[in-house]
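# Coordinate analysis (summary)
Listed below, chain by chain, are the residues.
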Amino acid sequence: MAGRMPAESGGHRDALRELTARHGERGGPLPAALDRIRASTAAGPEEWAPQVAGAAGLPGAAGLGSATYFADLAAPHGERHVRVCTATACFAARGVRHLGETEEALGVAVGHVDAAGRTSLQGVRCLGYCYAGPAALDGTRARAGHDLADQLVGRAEPRAPGIPAADTTGAPVLLAGVVLGEPAWDVRRRAVTGVRPDDVREEVAASGLRGRGGAGFPVAAKWTAVAGGQDPFVVANGDEGDPGSYADRLLMEEDPARVLAGLALACSACGARHGIVLVRSEYPRATARLRRAVRDAVAAGDLASSVEDAGPQPFVEVL
């Protein structure tokens, strides 16, 4: 996804730019601060979120709004926080019996924390284990299988199945990088040294490449609309959740460098200095691997270490 800040026109007030100028820099640390406090208390966000926002120099509503909107912040947390999948594939795998079994095994109901504050259970969707469900995250550790409740209490061997990269015939179902190990940054490096942004957009247009969402929008059309605009940026959206989905998780976990190289190539085509990879909180392993891949790319000179240093190499952050 590519975008840009709206330009001022006709002398009208640009409320977004005004708010960004007033609060933008102070708002950056807020999500991490809210997450730290949420992990340390079982109290509801109304008791701590406004104070966290105030400490960042923001109105209390900025903290409370975020903490009550995002499920991971709004849900009560114990010392041990378990997220159990309630989405379609996991629901169908056991006819929703896994929820009752998990509640009984852990001694806590979904959406609650036990009286001692030790264990909390949250219903989520989706964890990307549709092929092996039902599934749960015990902290950041994935567990999946018909005996999920037994895994969570130590009565069965914990399992986090690998991601299938081929169908039952053995044919690969996703990109060659996962199966063949083709170097991820080669195309991007050639593009930086010998290809113009217009050339990249023309090649993408000729390929017929379309977005992987339901609209199937032509990628080159989107990039062309953004190119040359004011402060363009590019976002790679890793927030999948449709029934049976795990394609984005496969790429982010197993081939993170290729995701970053593609994002950097899109930045070049759009004239953007800043790229963002948005990863859903239910994919902690993907987040960790992408952040490690960013550090490696910065060290190799393929990505910039900050927005200020960005040029031919963009600055990329994982959120």
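Quantities reported herein were computed from a predicted structural model and do not represent experimental measurements.

So, on to the sheet that holds strand β2 (residues 80-85). Taken in spatial order, the 5 strands of this open sheet run β3-β4-β2-β5-β6, and their pairing is mixed. Taken across any chain shown, the strands that pair with only one partner, and hence form the sheet edges, are β3 (112-113) and β6 (141-144). Here 6 bridges tie β2 to strand β4 (residues 119-124), and the two strands are oriented parallel to one another. The residue of β4 that forms the bridge with arginine 83 is glutamine 122. Running over the sheet, helix α7 (residues 97-106) touches β2 and β4 and is turned about 165° from β2.

Enumeration over the complete set of coordinates arrives at 3 aromatic pairs. Arranged with centres 5.0 Å apart and planes meeting at 90°, the rings of tyrosine 69 and phenylalanine 70 form a pair that is edge-to-face. Note on tyrosine 69: relative accessible area 67%, which makes it exposed. Judged by its relative accessible area of 45%, phenylalanine 70 falls in the partly exposed class. Taken together through their ring pairs, the aromatic side chains of Tyr129, Tyr131 and Tyr246 make up a single cluster. Here the guanidinium or amino end of arginine 249 rests over the ring plane of tyrosine 129, the centre of that ring lying 4.0 Å away. Positioned above the aromatic ring of tyrosine 283, the side-chain terminus of arginine 280 is 5.6 Å from the ring centre.

What counts, and at which threshold
- Residues take numbers from 1 onward in each chain, read along the sequence in its written order.
- For this predicted model, a pLDDT threshold of at least 70 governs which residues receive local features, and a threshold of 80 or more governs which side-chain atom pairs are given and counted, while totals over whole chains, interfaces and linings are taken from all residues.
- To get the side-chain values, take all heavy atoms of the structure and skip hydrogens and water.
- In this analysis, strands are considered paired if DSSP registers two or more bridges between them.
- A helix here means a DSSP run of H or I that spans at least four residues, while a strand means a run of E at least two residues long, and both kinds are numbered starting from the N terminus.
- Any two residues whose heavy atoms approach within 4.5 Å at even a single point are treated as in contact.
- Axes here mean lines fitted to C-alpha atoms, for a helix over just the part in contact, with angles spanning 0 to 180 degrees between N-to-C directions.
- When the centres of two rings from Phe, Tyr and Trp lie within 6.5 Å, Trp using its six-membered ring, the rings pair. Their planes under 30 degrees apart give stacked, over 60 give edge-to-face, and anything left gives tilted.
- Only protein chains enter the area calculation, which uses a 1.4 Å probe; residues under 20% of their type maximum are buried, those over 50% are exposed, and those in between are partly exposed.
- Geometrically, a charge over a ring is one whose NZ (Lys) or CZ (Arg) sits within 6 Å of the ring centre while staying within 35 degrees of the ring normal.

Everything listed here is a matter of coordinates, which is why it stays silent on function.
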